[in-house]
Amino acid sequence: MLYEIHVSNNGTAAADITYQFRFHTTIRNKKTFLYNTGPIASLSDQTWNRPQSYTVTRVEHGRSQTLGRNLSVPPVNIGPRSTPNYTSLASQAVHSLGSGGRVFAGQRADGFFVDLGSIFDLGTLRPFEMAHLIPSAAAPGVNGLQGLNVHSIALQVPITDLVRNGRKPTDVMDPKSVIGVWATASRQQSHLLDDLLGSIWHGSYKQVSRLGNPLFNEVIVPMAEKDQWNRRQPHDDRKYAPYVIKPELAGLLPVLYPGVFPKLAAYTKPRADLAAILLTGIPKGVVPGFQNYTGTTQADMLRLNVAVPPASSPNPLGLVAGDAAGFPNGRRVFDDVVTVELRAIAGLTIPLVDPTFTPDGATSAIKDGTSNTNSDYLATFPYLGTPAGGYQTKPGIPAAS
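Residues numbered from 1 in each chain as written. Predicted model: local features only at pLDDT ≥ 70, side-chain atom pairs only at ≥ 80, totals over all residues. Heavy atoms only, no water.

**Student:** Pulling in residues and values, what's your account of helix α8 (residues 272–280)?
**Tutor:** For α8, a buried count of 8 out of 9 residues is recorded, marking the element as mostly surrounded by other parts of the structure. Those residues of α8 lying buried are Asp273, Leu274, Ala275, Ala276, Ile277, Leu278, Leu279 and Thr280. Where α8 is buried, its residues contact α3 (216–220), α5 (241–245), β10 (302–305) and α9 (337–345). Remark: Gly281 follows α8 within two positions and exhibits a positive phi of approximately 85 degrees. (Buried < 20%, exposed > 50% of the residue type's maximum accessible area, 1.4 Å probe, protein only. Helix = DSSP H or I, 4+ residues; strand = E, 2+ residues; numbered from the N terminus. Contact = heavy atoms within 4.5 Å.)

**Student:** Explain the packing of aromatic side chains to me, using residue names and the numbers behind them.
**Tutor:** Counted by the stated rule, this structure contains 7 aromatic pairs. Between Phe128 and Phe261 the ring centres are 6.3 Å apart and the planes differ by 80 degrees, which places this aromatic pair in the edge-to-face class. With a gap of 133 residues between them, Phe128 in the loop between α2 (116–119) and β7 (149–156) and Phe261 in the loop between α6 (248–256) and α7 (262–266) connect regions that are remote in the sequence. Phe261 shares its class with Phe128; the two are buried. Seen from their ring centres, Tyr257 and Phe261 are 6.3 Å apart, and the 85 degrees between their planes marks the pair as edge-to-face. Here Tyr257 matches Phe261 in class, with each residue buried. Between Arg210 and the ring centre of Trp229, over which it is positioned, the NZ or CZ distance is 3.9 Å. Its guanidinium or amino end placed over the ring of Tyr240, Lys239 lies 5.9 Å from that ring's centre, counting from NZ or CZ. (Phe/Tyr/Trp six-rings, centres within 6.5 Å; stacked < 30°, edge-to-face > 60°. Lys NZ or Arg CZ within 6 Å of the ring centre and 35° of its normal.)

**Student:** How would you sum up unusual backbone geometry? Please name residues and give values.
**Tutor:** With an omega of 5 degrees, the peptide bond between Arg126 and Pro127 qualifies as cis. Within the element layout of this structure, Pro127 appears in the loop between α2 and β7. The step from Phe381 to Pro382 runs through a cis peptide bond, and the omega angle for that step is 10 degrees. When you line up the elements, Pro382 lands in the segment after α9. Positioned with a positive phi, Ala13 is a non-glycine residue whose angle comes to about 65 degrees. Among the structural elements, Ala13 can be located in the loop between β1 (2–8) and β2 (17–25).

**Student:** How would you explain the sheet that holds strand β6 (residues 102–109) if you had to name every residue and give the values?
**Tutor:** Read across the sheet, 3 strands follow the order β5-β6-β7 without closing on themselves; strand pairing throughout is antiparallel. The open sheet has two edge strands with one neighbour each: β5 (95–96) and β7. In this sheet, β7 lies alongside β6 in antiparallel orientation, the contact comprising 8 bridges. When the sheet's bridge partners are listed, Phe104 is paired in β7 with Ala154. (Pairing = 2+ DSSP bridges.)

**Student:** Residue-level account of α9, with values.
**Tutor:** Counting buried residues in α9 gives 9 out of 9 residues, a clear majority hidden from the surface. Of the residues making up α9, those classed as buried are Val337, Val338, Thr339, Val340, Glu341, Leu342, Arg343, Ala344 and Ile345. Structurally, α9 contributes buried residues whose contacts are with α2, α3, α6, α7 and α8. Positive backbone phi, at 115 degrees, marks Gly347, one or two positions downstream of α9.

**Student:** Report on the pairing of strand β9 (residues 198–211), specifying residues and quantitative values.
**Tutor:** In terms of strand pairing, strand β8 (residues 178–194) meets β9 through 11 bridges, oriented antiparallel. Among the inter-strand pairings, Ser190 is bridged to a residue of β9, identified as His202. Linkage of β8 to β9, two consecutive antiparallel strands, is achieved through a turn of 3 residues.

**Student:** Now, about a nonpolar patch on the surface: what can you tell me, with residues and values included?
**Tutor:** On the surface, Met1, Tyr3, Ile153 and Val208 cluster together into a nonpolar patch covering about 290 Å² of accessible area. Positionally, Tyr3 belongs in strand β1. (Patch = residues over 30% accessible without salt bridge, like charges linked within 9 Å, V, L, I, M, F, W, Y side chains within 5 Å. Areas by Shrake-Rupley, 256 points an atom, 1.4 Å probe, with all protein chains shown as cover. Salt bridge = Lys/Arg side-chain N within 4 Å of Asp/Glu carboxyl O.)

**Student:** I'd like a rundown of the nonpolar core, residues and numbers included.
**Tutor:** Ranked by size, the top nonpolar core spans 44 residues in total, and within it Leu125, Phe216, Leu253, Tyr257 and Phe261 carry the most contacts. Every element with two or more residues in this core is listed here: α3, α5, α6, α8 and α9. Examining the composition of this core, we find that 6 residues originate from one element, α9, more than from any other. Those residues in contact with Phe261, other than ones at most four positions away along the chain, are Leu125, Leu253, Pro254, Ala346, Asp360, Ala362, Thr363 and Ile366. Judged by nonpolar contacts, the second largest core, of 16 residues, contains Phe21, Leu67, Val73 and Val306. (Core = buried A, V, L, I, M, F, W, Y, C linked by side-chain atoms within 4.5 Å.)

**Student:** Please give an account of the pattern of salt bridges that cites residues and values.
**Tutor:** All chains considered together, the criterion is met by 10 salt bridges. Salt-bridge contacts for Asp354 lead to Lys269; the nearest nitrogen and oxygen are separated by 3.0 Å. Of this pair, Asp354 sits in the segment after α9 while Lys269 sits in the loop between α7 and α8, and the two are 85 residues apart along the sequence. Of the residues examined, Lys269 reaches a relative accessible area of 47% and is grouped as partly exposed.

**Student:** Would you mind going over the side chain of Ser8 in detail, with residue names and values included?
**Tutor:** Summarising the element assignment, Ser8 is placed in strand β1. Residue Ser8 is classed as buried on the basis of its relative accessible area of 4%. A distance of 3.3 Å separates the side chain of Ser8 from the backbone nitrogen of Ala13, its partner in a polar contact. Contact partners of Ser8, with chain neighbours within four places excluded, come to Ala13, Ala14, Asp16, Ile179, Gly180, Trp182 and Met301. (Polar contact = N/O pair within 3.5 Å; in protein donor to acceptor, adjacent residues only side chain to side chain.)

**Student:** Give a description of the side chain of Asn329 that names residues and reports values.
**Tutor:** In this fold, Asn329 is placed in the loop between β10 and α9. Look at Asn329 and you get buried, because its relative accessible area is 2%. Separated by 2.8 Å, the side chain of Asn329 and the backbone oxygen of Ala324 make a polar contact. Contacts of Asn329, omitting those with residues within four sequence positions, involve Phe290, Asn292, Arg303, Leu304, Asn305, Val308 and Ala324.

Worth remembering: the numbers are spatial, not functional.
Given below as structure tokens:
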């Protein structure tokens, strides 16, 4: 597999800078089924039977530069006997890169939180269960990712490595202060299972997955087009604009909750607010003193105005709560992106582009109803919390690290 993080900084929604990650796995003892044959105290311990390493390459306008080679991945957090001091193991896998960057690849506690069981159960919204066509008693949100870990690639680089002229922007309204970011996964074109040679991959790499804005593919793109969307580049996303300016969920809410969203039901104009947030970035004049506009090319990218300083008192609701350092200006690990997106789809952001519209009173009460129930976020890189140990984990219950 080839994993890539792409950055567009010139308004075309094409990758100007790409960070590539290629992994290599070694099996030390091919005669055992065991992942480890004793406690793992360091990344060089021979008791670890399946170590991984990776290479980081930076590509800018076709020119490649290897930033790190043979970088160690930590083992997964197995349990108190196999990985008795996992925090120490993980810290050994934080590697320095040139020009002040750092990188980590390995298991982390999943920092995303979402009530998957609720929203995909015919659009159940907290706290409106009683108003649903199929009503139920009000209940607190349940984090569908509770107790789960996630394999993560964390990359920290100077802002000057990402912007188009190599100079750190200070003016929020300067177009050069905005970048678009998305990630992709690619695999070789064909896979052969041979009786003698085993599993063989060959051919050129083909993109099989991508991610820009959270939940764009899951909630905006129709089921039959998801695989195609994953194979396409963001600069071709004009094809999906009709699903953004007339999102299916916005049409379903007034039906699922009779009488709760009458103003949303009556609004028939194309959703220019969602097109700005998801496809072009927010232009000047919409939010006072802010913009993250990347140009007219419609593309699903996570946009970030790097001239916006970090918030002294961050609000998990980000920009809609007045915190311009939060989602959808970038995405901090603690941002409540699901609540933000649900409120936006329900009409909260329409007045930004159409002052004649007043959102339904219920819109600002919509919430996902969850928070991070896994290990706490770290105050330092790689920021995601220590993963729960496999031995300690109980399904559906947060496990101590």
